[in-house]
Amino acid sequence: METADDGDWVVRPVTGSASTRAYRCPGCDQEIRPGTPHVVAWPVYARDSDLDPWDTESSIDLRRHWHTACWRARSRRH
């Protein structure tokens, strides 16, 4: 788990050999090609359950594949 200004995150590295399909990086909006090492990240908590008690979305549904450099630089983008 990583804690940052934008919340608590589960972050998992993906090796190049384990990456078999293309993904779109939300940090740079560029393709992460198959075979490229990168990270998969998702929030520890999907939403504040006090605000949306009817929302049953799991936080894992919010996972995204990021270039490793884009993930590390995400706090400098806004």
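This is a predicted model, so every value here is computed, not measured. (Residues numbered from 1 in each chain as written. Predicted model: local features only at pLDDT ≥ 70, side-chain atom pairs only at ≥ 80, totals over all residues. Heavy atoms only, no water.)

**Student:** Sorry, what's going on with the pairing of strand E2 (residues 7-14) here?
**Tutor:** Looking down a regular strand, the side chains alternate between one sheet face and the other. With three bridges joining them, strand E1 (residues 2-4) and E2 adopt antiparallel strand pairing. Bridged to alanine 4 within E2 is glycine 7. Hairpin connection between E1 and E2: a loop of two residues separates the two successive antiparallel strands. Bridge count between E2 and strand E5 (residues 38-43): six bridges; the pairing is antiparallel. The residue of E5 that forms the bridge with valine 11 is alanine 41. (Pairing = 2+ DSSP bridges. Helix = DSSP H or I, 4+ residues; strand = E, 2+ residues; numbered from the N terminus.)

**Student:** Please clarify how the packing of aromatic side chains should be interpreted in this entry.
**Tutor:** Each aromatic ring pair is described using two quantities: the centre-to-centre distance and the angle formed by the ring planes. Applying the stated criterion across every chain, the model contains two aromatic pairs. Ring geometry for tryptophan 9 versus tryptophan 71: centroids 5.3 Å apart, planes at 80°, classification edge-to-face. Of this pair, tryptophan 9 sits in strand E2 while tryptophan 71 sits in helix H1 (residues 68-72), placing them 62 residues apart in sequence. Relative accessible area serves as the criterion here: at 15%, tryptophan 9 is assigned to the buried category. Between tryptophan 66 and tryptophan 71, the ring centres sit 5.2 Å apart and the planes meet at 75°, which makes this aromatic pair edge-to-face. (Phe/Tyr/Trp six-rings, centres within 6.5 Å; stacked < 30°, edge-to-face > 60°. Buried < 20%, exposed > 50% of the residue type's maximum accessible area, 1.4 Å probe, protein only.)

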